[in-house]
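Observations on the model geometry
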Amino acid sequence: MDIMEKLAILSSAAKYDASCSSSGSKRKNLNSGIGNASTCGVCHSFTPDGRCISLLKILLTNYCIYDCSYCINRSSNDVSRAAFTPYEIAELTINFYKRNYIEGLFLSSAIFKSPSYTMELLVKTLKLLRIEYKFNGYIHVKAIPGAEESLIKEAGAYADRISVNIELPSSSSLKLLAPQKKKDNILKPMKLIKNGILEHDENKFKFKSAPLFAPGGQSTQLIVGASPESDFNILSLTENLYKTFKLRRVYYSGYVPVNTSNVLPNVFSPPLLREHRLYQGDWLIRLYGFKAKELLNEDNPNFDIKLDPKTNWALNNLDSFPIEINKASYETLIRIPGIGFTSARRIILTRKVHYLSFEDIKKLGVVIKRAKYFITCKGKYFGDSVFEPLYIRNKLENKKLVENVNIQQLSFFSNLPSSPMNFIKTDLNSRLHGDL
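First, a word on scope: everything that follows refers to the structure included in this document.

Parameters at a glance
Residues numbered from 1 in each chain as written. Predicted model: local features only at pLDDT ≥ 70, side-chain atom pairs only at ≥ 80, totals over all residues. Heavy atoms only, no water. Pairing = 2+ DSSP bridges. Helix = DSSP H or I, 4+ residues; strand = E, 2+ residues; numbered from the N terminus. Buried < 20%, exposed > 50% of the residue type's maximum accessible area, 1.4 Å probe, protein only. Right-handed = clockwise from strand over helix to strand, strands pointing away. Contact = heavy atoms within 4.5 Å. Polar contact = N/O pair within 3.5 Å; in protein donor to acceptor, adjacent residues only side chain to side chain. Phe/Tyr/Trp six-rings, centres within 6.5 Å; stacked < 30°, edge-to-face > 60°. 1 Å grid on protein atoms, 1.4 Å probe; cavity = no way out; pocket = protein on both sides within 12 Å on 5 of 7 lines; lining within 4 Å. Points joined across faces, edges and corners; volume = space filled by probe spheres on them. Nonpolar A, V, L, I, M, F, W, Y, C, P; charged D, E, K, R; others polar. Axes fitted to C-alpha atoms, helices over the stretch in contact; angles between N-to-C directions.

Topic: the sheet that holds strand E9 (residues 380-381)
- If you trace the three strands from one edge of the open sheet to the other, you get E7-E8-E9, paired in mixed fashion. A strand with exactly one partner marks an edge of an open sheet, and here the two such strands are strand E7 (323-324) and E9.
- Bridging between E7 and strand E8 (residues 375-377) involves two bridges; their strand directions are parallel. In the strand pairing of E8, Glu 324 is matched with Thr 376.

Below, the structure is given as structure tokens:
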């Protein structure tokens with residue numbers, strides 16, 4: 001099969017994995033190689049649904065021994081199949097990088113033959129790029145659940161970020177939709193990666209040049225909407241994952257209905273707005289100090305589609321508001337809807353020399369259209385409604401949101417001119433002749 005045909009198949013098959021973004025890796029350019037991820041990780045371009053397209057995002061192969069109900073690459077699906085060799089992936093990465101089409105590599109794979117065999121091929125690709133091609137740019141690789149521990153550790157030594165996808169939020173859903181996968185096989189490598197990162201963090205203070213281990217940390221992905229778990233279940237799991245495995249990020253991927261089955265929900269488009277609300281809730285947990293049980297509970301297990309999670313939380317706890325803007329602590333300020341880190345810091349600094357009025361906070365970056373219902377300035381309330389949850393909610397819900405928007409991830413090649421692609425195709429075929 002022509003390498004460009006493989007690329008079309010395996011880049012398309014990889015688009016359902018959402019967990020690729022800049023990691024803040026500290027890997028520097030060494031040994032006169034090419035690429036440098038030490039300054040800002042990966043330069044991004046995003047599609048309208050938030051997915052990164054600045055990486056060469058491909059699968060090693062989409063041949064799979066598993067038959068997961070929700071997956072396009074399940075063994076029972078009649079889809080075009082292809083497989084790269086480690087050498088082909090290395091050549092593609094270097095050629096695209098030199099032409100400034102990409103800033104790094106996001107490499108995943110279906111399970112080919114066995115988890116350990118697949119992981120061995122992924123590690124071979126990493127070693128080929130790092131050692132033979134001297135590529136020091138960003139690489140994110142997926143660890144394969146069930147693979148040998150030694151292979152996971154070796155991958156961490158060469159990758160900037162390594163991740164293990166949980167995909168389904170509960171053991172019952174995993175048993176129903178992906179019975180060949182085991183919870184312990186997924187959590188074991190996550191623990192192994194966490195320990196490797198902690199060991200590296202300790203060694204860098206003891207030794208002048210400690211070997212790197214996944215300097216960009218680890219992440220995972222949860223599929224939203226393929227199984228019946230509520231937002232509260234998902235967010236509680238997320239909170240526990242951050243505590244237990246020290247994850248850098250948890251990514252959420254709205255379920256894309258690519259298969260039909262009696263165990264799958266009958267939906268026609270991915271729940272992108274629900275996915276967005278989960279990202280907002282995740283942000284509040286990671287950076288704003290909220291707990292999952294503050295944002296949601298068993299009685300209200302799902303986020304309000306019409307309101308962002310912080311505003312919804314404020315309305316459910318209106319007895320704590322309004323807050324006097326001139327007296328509140330920093331920790332209290334960032335919990336007010338419409339006030340973020342930057343505007344909270346500006347308020348703290350400015351009020352040291354000036355008693356803030358409503359007009360003043362407008363100039364400090366506060367989103368007044370939300371914040372005005374939850375604050376007072378110099379003891380005066382400026383909300384244009386009665387201070388009751390229902391009245392405020394009606395005001396804030398005035399802007400209608402659309403749940404199902406026809407958004408598609410951009411193809412890696414969609415906007416490239418034809419001449420460079422023809423050049424690449426000719427160049428790669430000539431260089432790879434005999435190895436395809």
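After that view, the rundown keeps rolling.
Considering the pairing of strand E2 (residues 104-108)
- Within E2, five of the five residues are buried, which leaves the element mostly enclosed by the surrounding structure.
- Every second residue of E2 is oriented toward a common face, with Gly 104, Phe 106 and Ser 108 on one face and Leu 105 and Leu 107 on the other, all of them buried.
- As defined by bridge partners, strand E1 (residues 55-59) adjoins E2 across five bridges and the pair is classed as parallel. For Lys 57, the partnering residue across the bridge sits in E2 and is Phe 106.
- After leaving E1, the chain enters helix H2 (residues 86-98) and then returns to the sheet as E2, a path that is right-handed.

Description of unusual backbone geometry
- A cis amide bond links Phe 321 to the next residue, Pro 322, at an omega of -5 degrees.
- Examined against the element boundaries, Pro 322 turns out to sit in the loop between helix H10 (309-316) and E7.
- Phi angles above zero are rare outside glycine, and Lys 134 is one such case at about 55 degrees.
- If you trace the backbone, Lys 134 turns up in the loop between helix H3 (115-132) and strand E3 (138-142).

Examining H10
- Counting buried residues along H10, seven of its eight residues qualify, which places the element largely inside the surrounding structure.
- Taken residue by residue, H10 has Pro 309, Lys 310, Thr 311, Asn 312, Trp 313, Ala 314 and Leu 315 as its buried positions.
- Its buried side turned inward, H10 meets helix H8 (272-287), helix H9 (292-295), helix H14 (368-371) and helix H15 (389-396).
- With a side-chain oxygen lying 3.1 Å from the backbone nitrogen of Lys 310, the N-terminal cap of H10 falls on Asp 308.

Notes on the packing of aromatic side chains
- Per the counting criterion, the structure on display carries eleven aromatic pairs.
- Centre to centre, the rings of Tyr 63 and Phe 112 are 6.0 Å apart; their planes meet at 45 degrees, and the pair counts as tilted. Within this pair, whereas Tyr 63 is found in the loop between E1 and H2, its partner Phe 112 is found in the loop between E2 and H3, the two being separated by 49 residues in sequence.
- Considering the side-chain rings of Phe 112 and Tyr 117, the 5.9 Å spacing of their centres and the 55 degrees angle between planes classify their relative orientation as tilted.
- Under the relative-accessibility criterion, Phe 112 is labelled partly exposed at 26%.
- Overall, the relative accessible area of 31% leaves Tyr 117 in the partly exposed class.
- An aromatic cluster is present here, built from Phe 290, Trp 313, Phe 321 and Phe 374 joined pairwise through their rings.

Looking at the side chain of Thr 125
- Within the secondary structure layout, Thr 125 lies in helix H3.
- Residue class for Thr 125 comes out buried when judged on its relative accessible area of 0%.
- From its side chain, Thr 125 meets the backbone oxygen of Leu 121 in a polar contact 2.9 Å long.
- Once you skip the residues sitting within four places of it in the chain, Thr 125 turns out to touch Leu 60, Pro 86, Ile 89 and Leu 107.

Notes on the layout of surface pockets
- Estimates place the volume of the largest pocket at around 740 Å³.
- Lining the largest pocket are 37 residues, and of these Tyr 70, Cys 71, Asn 165, Glu 167 and Lys 181 sit closest to its centre.
- Along the lines of polarity and charge, the residues of the lining of the largest pocket split into 22 nonpolar, ten polar and five charged.

Description of the sheet that holds E1
- With parallel pairing, six strands are arranged side by side in an open sheet as E1-E2-E3-E4-E5-E6. Pairing within the sheet leaves two strands with one partner each, and these edge strands are E1 and strand E6 (249-254). With strand direction ignored, the average angle separating the axes of adjacent strands in the sheet is 20 degrees.
- Contacts from H2 reach E1 and E2 within the one sheet, and its direction differs from that of E1 by about 160 degrees.
- Most of the contacts of helix H6 (residues 183-206) go to strand E5 (residues 218-224), to which it runs at about 150 degrees, and overall it touches strand E4 (161-163) and E5.

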